[in-house]
Amino acid sequence: MMEAQSYRVRVGLATCGIAAGADKTYDQLVPLLAEHGIVPERTGCLGMCFSEPLVEVITPTGDSYLYGGVTADKAAAIVEQHIVGGKPVEELLALASSAATENDHFMSKQHRVLLEHVGVIDPESIDSYLAFNGYKALIKAVNEMTQQEVIKEVQKSGLRGRGGAGFPTGMKWNFTYQAKGDKKYVVCNADEGDPGAFMDRSILEGNPHALIEGMTIAAYAVGADEGYIYVRAEYPLAIKRLRIAIKEANNHGYLGNKILGTNFNFNLKIKEGAGAFVCGEETALLASIEGLRGIPRPRPPFPATSGLWGKPTLLNNVETYANVPAIFRLGAAEYSKVGTESSKGTKVFALTGKIKKTGLAEVPMGITMREIIYDIGGGIQDDKEFKAVQIGGPSGGCLPAEQLDLSVDYDSLTAAGAMMGSGGLVVMDETTCMVDLAKFFLTFTQSESCGKCTPCREGTKRMLEILERITEGKGQPGDIETLEELGSAIRDSALCGLGQTAPNPVLSTLRYFRHEYEEHINEGKCRAGVCSNLISYFIIKDKCVGCTVCAKNCPVNAISGERKQPHEIDQSICIKCGVCYEKCKFDAIILK
Amino acid sequence: MSKVNITINGLALQVDANMTVLEAAQSAGIDIPTFCHDPELTKAGACRMCVVEVAGARNLPAACTTPVAEGMVVETETERVQKARKTILELIWADHPHDCLTCEKTGSCKLQDYSYRYDVKGSPYQGEVREIPFDDTNPFFFRDLNKCILCGKCVRKCHEINGAGAIDFMNRGFGTKVTTAFDDPIEESSCVFCGMCVDICPVGALTPKQGLNQGRPWEVDKVLTTCPYCGSGCTFYLHVRNDKIVGITPNFAGPMKGHLCVKGRFGWDFVDSPDRLQTPLIKKDGEFVEATWDEALELIATKFKEVGAQYGADAIAGLSSARTTNEENYLFQKLLRSLGTNNVDHCARL
Amino acid sequence: MKATHQCHAADPFDYAPVDEILERYQGQKGATIPVLQAIQEVYGYLPRQAMEYAAKQLRIPFSRIYGVATFYAQFHLTPRGENIIRVCQGTACHVRGAAKIVDALKEQLGIEVGETTEDLKFTLESVACIGACGLAPVIMINNDTFGRLTPEKIKEILKNY
Ligand SMILES: Cc1cc2nc3c(=O)[nH]c(=O)nc-3n(C[C@H](O)[C@H](O)[C@H](O)COP(=O)(O)O)c2cc1C
Ligand code: SF4
Ligand code: SF4
Ligand code: SF4
Ligand code: FES
Ligand code: FES
């Protein structure tokens, strides 16, 4: 055990941290710290992916120093200099409670309700959760409130589903509560299939008990005694931590039979996904739990009346459930002070793409896109020019620079042709081709279409083929109109949300970046220099010093020239891989 | 049953509250095109051909899966609806062989009918097409999965009605295909060749082998008959052309709702078999000799009388057949009782 | 369970692990997918015999279990390599140059995505997102995630396998 007066050291050990080498750092720290009687603590992800691995040192007086980029070789320095020597290691400092760092904005603009304890507590220890008022909300709900009172409170909080569509959560709970059935289920959608999104993972890996507590309160409210968490199989660490958390919650009487000594039973199980994006759609998810192909079925009936095995089923997203304990801890009134009129609370976004500070940020609803990207995210990588931000994943849309001051809430985003979706924000700069991006999303939705309904199965295929043609320089007049018509027919007639929203990336890029499509088709030009059929690399004679680096690196020997003489690219051999362009130190190679 | 008031194409209707929009429309004689709908199967909502416009809805819901609701206002043939249906047909045509001329399904193909109805002449989309080998490995039907529109009715019939569960969807997305486990020849699967899948396939993906090239639907007479194979009483239509049976369609309105077994569905080539007896045979001097019905019945009557007189009526027993109808069995026992015996039995009990 | 073993007396396939798995999931609703996952865990892929046998024991049509197995990207019907490399092709990784990582892997291993090296050492697959987007581009080898990759780093990483 730690002594009260000693240093505490925490290592962020979520998937992202581990991928950056945090596990090795941890292993390195264990023996080094043991000499000083300190056991390093394991914690989740602070959201600062850009400076993983992260190690936090908390001084005996309670000051916190967060070190970034702490690869294993740097562990010793922290121990020696800070813990032994008492002097913070300035050059590794990412964030400090008592000193200014360049990352202050990353945290100060956030409003961390959901992530408050992610990156602080040890996700593999229920005691750690309990130390921060864990399960107090459940105790309050079960011991002091009736089912209706619990539902009323959630309704009052204004919480809307964080899984994409933003359906009012309290209303959904009420439907499930009122549905007649001898048996009811509570299911959590932890499929997080939207590529570029990982906020659910950070909660699962960083604070699994918050989800369990939220689900248990939900089960109490709607009258369910069995529940499932459907987690995508690509999240092995999340699954492992959930297993531990469920077991501990069972042992402590927060789950299982006779919860908190009452007659309320709730047994929670994990179902692992098997690799299908469409299983994020609620009816497909339920089919998958039932052991079938993950094929959506028509609604109504909605899961609230007929869900898992035909029984009333409450289905919410990870983040939605994880908000619940906070609502009861703070009280609905306090909780709903944050946010806009119609979108209450906070939302976690995954900032990725060409942004300086990739990571997770929890922000109050109603913040502007600009604040997220520039203040929290630090702006565009290499200070290039912002071009667009894709929000809402494959179902969402791209927003251009003109929309940077848009308020980030459910309704504004939908009106602008995007959607909240799960909260993935992919930032793009001038090097991203919008037609290529639309093609990328269509490739994804097309390969993830379940194949059940005609418009989605056949229609996305044809849309993709048209986009492929355009990016290959074989676009034809009329292609844009065909894309629009086909897109709106698919949106109108597809069975499930996947198909209905699949055309969105195309339609939204057409809305804001139509000129790029036109350039591809009419002028054979890709301004971002991405569509390889439409670009050529040239060497500017005056700039070339004849260093031969390009020629040496060209995989197909398309570059010729004498040492110290200007080189030349044979366009008939060049495969447009761009290696020369990257390797040239003299900016002598240009892209046309 | 409680009722709700709805309006379809301006027509005010009062319909059962548990109906779908499709059922409500049908009850008023409004025809909505469907590919994947079958009243006795789970509602799939897969083909999207039946989409309609419902006031207040964001997109076009499928009539076959959307329940009616009080005050609902539905339009079934607006421009938007027709555009969606056209697109669906064009998308199907983008990946469907264009050989209607010789396709066995011509004349009873829903894809043809709806293409005509919505004036779809082909597809504006060119791209990848499926190339699945033509399958004629079983004795009863051809499978040309390049023509399959993936309505899934065959799969649902096979699992929900027959229970054989021989076929299912495999893969997903554009690669989806209806087939057996591991794509085995259908004969090696659990298929019992009931032919139900063949009968509900809306296109020419599944076609019976018998009757191939022997008559278009409008060239045949359809004769309603009862299957002679067993006493279940299944009825179906024999397609007759030039005095020959060239095809069969189940009678979906009949007592067995068109569910046939392999014998009734495919086993009628015996009708014209040269091996088939055409007259009664009477054994004379140890040899069977052709006889007339009068001779045969005369002989039977004589023998009955003789046996009855000599050994008493109880010495007579009658065994009837499970292949005869209830009515025939009834008459048969009547006949035997009129001879004074109660010894009547039936092969199904043996 | 014993009796079922005997019907396979002439069949060299080892059904014991399947029996063990089926026993583990006995009586559980919706066990098909977990059972297939467990079978794949044991054999590295889904052998036909194991699937046919499991279908029989679970009382679901063989066609249905096959339909499930071919629906989900996770399941494989042919043997795979000892190490599974999953390259992320998600949005964040795409925007940060996943294509170059795939090319590097293809070149290093001499196989296409979806293929297995001849020595059965590596199988190369693509995955939609592994949730480490902050470190894009990312790959996963077995259960380990590697982030902030460049084509050069690939060589180094592969050396350790
Ligand atoms: C194609 C598709 C994929 C989806 N993927 C997810 C997902 O990965 N996670 C999620 O929570 N919701 C996803 N959804 C939304 C769910 O269907 C459902 O609306 C949501 O889980 C409900 O929870 P909520 O009310 O808490 O948002 C997806 C929807 C569609 C149509
Ligand atoms: S829209 Fe696409 S994913 Fe949804 S049911 Fe139709 S085919 Fe399947
Ligand atoms: S013939 Fe009958 S048993 Fe065979 S596949 Fe068709 S429906 Fe199934
Ligand atoms: S074979 Fe016929 S019935 Fe079966 S899915 Fe294809 S089109 Fe439908
Ligand atoms: S008939 Fe309604 S969707 Fe196919
Ligand atoms: S997009 Fe590659 S890890 Fe998410």
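Just so we're clear, the structure is a prediction, and the values are computed from it rather than from any experiment.

Time to look at the site of ligand 1. Residues and elements named next belong to chain A. Neighbouring ligand 1 are 18 residues; Gly163, Lys172, Asn316, Asn317 and Thr320 lie closest to it. Here an oxygen atom of ligand 1 sits 3.1 Å away from a polar atom, N or O, in the main chain of glutamate 192. Contact between ligand 1 and asparagine 317: an oxygen atom at 2.7 Å from a side-chain N or O atom of the residue. Summarising the interface, the protein chains cover 89% of the accessible area of ligand 1, which totals 600 Å² for the free molecule. Listed by contribution, the elements that provide at least two residues to the shell around ligand 1 are β9 (313-317) and α20 (497-501). A total of 3 residues in the shell around ligand 1 trace back to one element, the largest contributor, which is β9. Residue composition of the shell around ligand 1, grouped by class: 3 nonpolar, 9 polar and 6 charged.

Looking now at the domain arrangement of chain C. When the domains of chain C are assigned, the result is domain 1 (16-71) and domain 2 (83-159). Centre-to-centre, using C-alpha coordinates, domain 1 of chain C lies 29 Å away from domain 2 of chain C.

For the rest of this paragraph, the subject is the domain arrangement of chain A. Residues and elements named next belong to chain A. Splitting chain A by domain gives domain 1 (4-103), domain 2 (126-335), domain 3 (346-429), domain 4 (434-523) and domain 5 (536-591). Distance from the C-alpha centre of domain 2 to the C-alpha centre of domain 3: 27 Å. Each partner contributes to the interface: domain 2 provides 16 residues, whereas domain 3 provides 20 residues. Of the roughly 1300 Å² buried between domain 2 and domain 3, counting both surfaces, carbon and sulfur atoms make up 58%. Notably, a salt bridge pairs lysine 347 with glutamate 319, separated by 2.7 Å at the nearest N-O pair. Among the residues forming the side of domain 2 that touches domain 3, the class breakdown is 6 nonpolar, 6 polar and 4 charged.

As a structural note, the neighbourhood of ligand 2 is formed by 13 residues, with Cys450, Cys453, Cys456, Cys496 and Gly499 of chain A the closest of them. Its residues placed into classes, the shell around ligand 2 shows 9 nonpolar, 3 polar and 1 charged.

Quick look at the interface of chain A and chain B now. Each partner contributes residues to the interface: chain A has 33 residues there, and chain B has 34 residues. When the area that chain A buries against chain B is broken down by residue, the three leading residues are Arg293, Arg462 and Asp492 of chain A, summing to 23%. Where chain A touches chain B, the interface holds 3 salt bridges. Note that arginine 80 of chain B is salt-bridged to aspartate 492 of chain A, the shortest N-O span being 2.7 Å. At the junction of chain A with chain B, the criterion picks out 18 residue pairs in polar contact (both at pLDDT 80 or more). Those elements that place two or more of their residues in the side of chain A that touches chain B are α17 (434-448), α18 (454-471) and α19 (479-493) of chain A. Here the side of chain A that touches chain B is built from residues that sort into 10 nonpolar, 11 polar and 12 charged.

Considering the arrangement of structural elements, one finds serine 64 of chain A in strand β4 (residues 64-67). The contacts of serine 64 of chain A, once residues within four sequence positions are left out, are Glu56, Val57, Ile58, Leu95, Ala96 and Ser97 of chain A.

Each side of the interface is counted separately: chain A has 58 residues, and chain C has 39 residues. Carbon and sulfur atoms make up 58% of the surface buried where chain A meets chain C, a total of about 3400 Å² over both sides. The salt bridge involving lysine 100 of chain C is made with glutamate 582 of chain A; its shortest N-O contact spans 2.9 Å. Counting across the chain A and chain C interface gives 20 residue pairs in polar contact (both at pLDDT 80 or more). Among the elements of the structure, α1 (15-19), β8 (267-272), α12 (282-289), β10 (346-353), β14 (424-429), α17 and α23 (579-583) of chain A are those that each provide at least two residues to the side of chain A that touches chain C. The greatest single-element share of the side of chain A that touches chain C, amounting to 5 residues, is contributed by α17 of chain A.

What follows is about helix α7 (residues 147-157) of chain A. All names here are of chain A. Looking at α7, one finds that the buried residues are Val150, Ile151, Glu153, Val154 and Ser157. The buried side chains of α7 occupy one side of the element, clustering within an arc of 155° when seen end-on. Turned more than 90 degrees away from the buried face of α7 sit Lys152 and Lys156, all of them exposed. Tucked into the core, α7 has its buried residues touching α6 (136-144), α8 (169-178), α10 (208-222), α13 (318-330) and α14 (332-335). Glycine 158, located one to two residues past α7, shows a positive phi value of around 75°.

What counts and what doesn't
Per-chain numbering applies: the sequence of each chain, read as written, is numbered from 1 onward. Throughout, the order in which chains and ligands are written sets their labels, letters from A for the former and numbers from 1 for the latter. Selection of residues for local features in this predicted model requires a pLDDT of at least 70, selection of side-chain atom pairs for listing and counting requires 80 or more, and totals for whole chains, interfaces and linings are taken over all residues. Hydrogen atoms and water are omitted, and side-chain values are computed over all heavy atoms in the structure. By convention in this text, a residue qualifies as near a molecule or strand provided that one of its non-hydrogen atoms is within 4 Å of it. Think of a polar contact as two N or O atoms within 3.5 Å of one another; within protein, one of them needs to be a possible hydrogen donor and the other a possible acceptor, and neighboring residues in sequence only count if both atoms come from side chains. We get accessible surface area from the Shrake-Rupley algorithm with a probe of 1.4 Å; when it comes to residues, only the shown protein chains can shield them. The secondary structure listing takes helices from DSSP runs of H or I that are at least 4 residues long and strands from runs of E that are at least 2 residues long, numbered from the N terminus. Side-chain classes follow a simple rule in which Ala, Val, Leu, Ile, Met, Phe, Trp, Tyr, Cys and Pro form the nonpolar group, Asp, Glu, Lys and Arg form the charged group, and the remainder, Gly included, forms the polar group. The source of the domain bounds is an automatic or database domain assignment. Here, two residues are considered to be in contact whenever any of their heavy atoms come within 4.5 Å of each other. A quick way to say it: buried area is the sum, across both parts, of accessible area lost when two parts are put together, with a 1.4 Å probe. One side-chain nitrogen of Lys or Arg within 4 Å of one carboxyl oxygen of Asp or Glu is enough to make a salt bridge. Burial status follows relative accessibility: with a 1.4 Å probe on protein chains alone, a residue under 20% of its type maximum counts as buried, one over 50% as exposed, and anything between as partly exposed. Read the arc as the range of directions from the helix axis to the C-beta atoms.

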